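Residue strings, one per chain:
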Amino acid sequence: MIFEGFPIRIGWELTLACNLRCNHCASSAGVQRPFELTTKEALKICDQFPELLVQQVDFTGGEPLLRPDWADIAIHLRDMRIATGMVTNGLLLDSNTIDSLKESEMHNIALSIDGLEETHDIIRGRKGAFNETVNGIKMLQESNFSPSIITTVNNLNIHELPQIFSLLKDIGVRSWRIQPMMPTGRGKGSTGLEVNACCIGQLVQFIKSYGFKSAKNSVQIFYGDGLEIIDESYKEEPWGGCSAGMSTCGIKSDGKVIGCLAIPDGLVEGDLRKRDLWDIWFDPDSFAYNRYFSPDKLGFYCKSCEKAAECHGGCSACSYSATGHFHDNPYCYYRNNTIADNQNLNEAYPISVR
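Residues numbered from 1 in each chain as written. Predicted model: local features only at pLDDT ≥ 70, side-chain atom pairs only at ≥ 80, totals over all residues. Heavy atoms only, no water.

Asks: Got a minute to help me understand the confidence of the model for the protein chain in this structure?
Replies: When pLDDT is low, close inspection of the predicted coordinates is not appropriate. Considering every residue of the protein chain, the mean pLDDT works out to 87; 88% of them sit at 70 or more. Within the model, the stretch residues 340-354 combines pLDDT values under 50 with 29 contacts to residues more than four positions away or in other chains. (pLDDT = per-residue confidence, 0-100. Contact = heavy atoms within 4.5 Å.)

Asks: Looking at this model, I keep getting lost on the sheet that holds strand β5 (residues 148-153). Mind explaining?
Replies: With mixed pairing, ten strands are arranged side by side in an open sheet as β7-β6-β5-β4-β3-β2-β1-β8-β9-β10. Whereas interior strands pair on both sides, the edge strands pair on one side only; in this sheet they are β7 (220-223) and β10 (270-271). Examined bridge by bridge, strand β1 (residues 9-13) and strand β8 (residues 248-251) share four bridges and lie parallel to one another. Bridge pairing in β8 places R9 opposite T248. (Pairing = 2+ DSSP bridges. Helix = DSSP H or I, 4+ residues; strand = E, 2+ residues; numbered from the N terminus.)

Asks: Whenever I open this one, the nonpolar core confuses me. Can you help?
Replies: When a protein is soluble and globular, its nonpolar side chains tend to lie buried together. Ranked by internal contacts, the top residues of the largest apolar core, which has 78 residues, are W12, F49, F59 and W176. Per element, the largest residue contribution to this core is six residues, and it comes from helix α7 (residues 197-209). Contact partners of W176, with chain neighbours within four places excluded, come to I149, T151, L161, I164, F165, L168, F206, V219, Q220, I221 and F222. Grouped together as the second largest cluster of nonpolar side chains are seven residues, L20, C22, C25 and L91 included. (Core = buried A, V, L, I, M, F, W, Y, C linked by side-chain atoms within 4.5 Å. Buried < 20%, exposed > 50% of the residue type's maximum accessible area, 1.4 Å probe, protein only.)

Asks: Please clarify how the packing of aromatic side chains should be interpreted in this entry.
Replies: For any pair of aromatic rings, geometry is given as the distance between the ring centres together with the angle between the planes. Enumeration according to the criterion identifies twelve aromatic pairs in this entry. Measuring from ring centre to ring centre gives 5.5 Å for F6 and F282, while their planes differ by 80°; the resulting arrangement is edge-to-face. Here F6 is found in the segment before β1, whereas its partner F282 is found in the loop between α8 (277-281) and α9 (288-291), with 276 residues between them in sequence. Here F6 falls in the partly exposed class, since its relative accessible area comes to 23%. (Phe/Tyr/Trp six-rings, centres within 6.5 Å; stacked < 30°, edge-to-face > 60°.)

Asks: Just checking my understanding: could you explain the side chain of H24 for this structure?
Replies: Within the fold, H24 resides in the loop between β1 and α1 (39-46). The class of H24 is buried, set by a relative accessible area of 10%. A distance of 3.2 Å separates the side chain of H24 from the side chain of D114, its partner in a polar contact. Setting aside residues up to four positions removed in sequence, H24 forms contacts with D114, I123, R124, T152, M181, G187, S190 and L193. (Polar contact = N/O pair within 3.5 Å; in protein donor to acceptor, adjacent residues only side chain to side chain.)

Asks: What exactly am I supposed to notice about the side chain of T119 here?
Replies: As for its position among the elements, T119 is in helix α4 (residues 117-124). Apart from the residues within four sequence positions on either side, T119 is in contact with D114, L156, N157 and E160.

Asks: Just checking my understanding: could you explain the pattern of salt bridges for this structure?
Replies: When the charged atoms of two side chains with opposite charge come close together, those side chains can pair. For the structure on display, the rule yields 13 salt bridges. In this structure, R78 and D79 form a salt bridge, with 2.8 Å as the shortest nitrogen-oxygen distance. For R78, a relative accessible area of 25% gives the class partly exposed. The partner of K252 in a salt bridge is D265, with the nearest N and O atoms 2.6 Å apart. Placement of the pair is K252 in the loop between β8 and β9 (256-258) and D265 in the loop between β9 and β10, with a sequence separation of 13 residues. Given a relative accessible area of 39%, D265 falls into the partly exposed group. Within this structure, E13, R33, K252 and D265 form a network of salt bridges that share partners. (Salt bridge = Lys/Arg side-chain N within 4 Å of Asp/Glu carboxyl O.)

Asks: Is there a simple way to explain the pairing of strand β6 (residues 175-180) in this structure?
Replies: The side chains of a regular strand alternate between both faces of the sheet. Of all six residues making up β6, five are buried, and the element is well covered by its neighbours. Across five bridges, the pairing between β5 and β6 is parallel. Across the sheet, the residue bridging to T152 is Q179, located in β6. Handedness of the β-α-β unit built from β5, helix α6 (residues 161-170) and β6 comes out right-handed. Looking at chain direction, β6 and β7 are connected through four bridges and run parallel. Bridge pairing in β7 links S175 to Q220. (Right-handed = clockwise from strand over helix to strand, strands pointing away.)

Asks: Is there a simple way to think about α4 in this case?
Replies: Every α-helix winds through 3.6 residues per turn, so residues three or four apart in the chain are directed the same way. Turning to α4, its buried residues are T119, H120, D121, I123 and R124. Next to the buried residues of α4 lie β4 (108-112) and α5 (129-142). Backbone geometry just downstream of α4 places G125 in the positive-phi region, at approximately 70°.

Asks: Which parts of the structure should I look at to understand the environment of N155?
Replies: You can see N155 is positioned in the loop between β5 and α6. Taking C-alpha positions, N155 is 9.0 Å from I200, a pair spaced 45 residues apart along the chain.

Asks: What should I look at first to understand the packing of α1 against helix α2 (residues 70-79) in this one?
Replies: To characterise two packed helices, one gives the angle between the axes of the helices and the distance between these axes. Closest axis-to-axis distance for the α1/α2 pair is 10 Å, and the angle between their directions is 20°. One element, α1, and the other, α2, form an angle in the roughly parallel class. As for how α1 packs across α2, the hand of that crossing is right-handed. Residues A42, L43 and C46 of α1 pack against D72, I73, H76 and L77 of α2. A breakdown of the residues in the contact of α1 with α2 according to their chemical character gives five nonpolar, one polar and one charged. (Axes fitted to C-alpha atoms, helices over the stretch in contact; angles between N-to-C directions. Parallel < 35°, antiparallel > 145°, perpendicular 65-115°, else oblique. Left-handed = near helix turned anticlockwise from the far one by under 90°. Nonpolar A, V, L, I, M, F, W, Y, C, P; charged D, E, K, R; others polar.)

Asks: How should I be thinking about the pairing of β1 in this particular structure?
Replies: The buried count for β1 comes to four of five residues, which makes it a mostly enclosed element. With five bridges connecting them, β1 and strand β2 (residues 56-60) associate as parallel partners. Bridging from a neighbouring strand, E13 pairs with T60 of β2. Each parallel crossover has a hand, and for β1 linked through α1 to β2 it is right-handed.

So this is what it looks like as structure tokens:
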């Protein structure tokens, strides 16, 4: 098989170091990886992007702002006319950092709000984290940035989604991405956060009530990690399943290449200290779980679904984290939507758009 696609968008874990120890963190971030890339190595990797038609690089962590040379990397990409984005917890934002974000012409900055104040602080493991993040949002807005917000939905915050929506509307946030918590990293052992059947049903009802195209929604809602299949009304084409190794990939802070940064570390495709990204990307053995998909590879949860040929078993990271296999997602929101008792769910979880 000769693969002809390109990694249009890359997620880059700049460092695994983090100033928080969030209970739901899929990466178990905190301490930097051994032998993380040097500045020289990182810039050399950037130089490989143009021939691969990379259009955007999103910096993640850990906390990417803990890497001292993040701005050097971003500016180097700016000079090559490659857009950059960043996911940050917002705790390190100050006037100097925001000046550097301006200089690098950062395309998109996303911060996480994982509940109202008490819930957010519990999940993030730091009292006052919620207020610090909200202050960071306001600082960015005052500097003419329009930050996006990410909420990782779990059993602790599912009931607060309508209130989070109202909060974001009140503070002028225009873009909100919601994604389910995955049973991996710290999230796998965090009692009380597990995404159970009731949580899935409530999330389905929330998405159906607060859809992207609702005229009353001033906050635009985007979905991640398999939720796309519930509300496709805002897309010209239906969701085609996981993009890992098809049009996206991830780079770990030690130079390892992986289909998606949410996929466990053991499933790397290559090492940028040993091979160029071009060679890894176009290796016939790379990203085989996606590139060589066929219906016979569908697992127990997905093999009888009418959408399987379209979505290929949904989010690869979620499927593998939950079952140890790809194309076998027990948390599929489309399936749970079709079998849910909507009347009972509505009685238990009444939703109205404000």
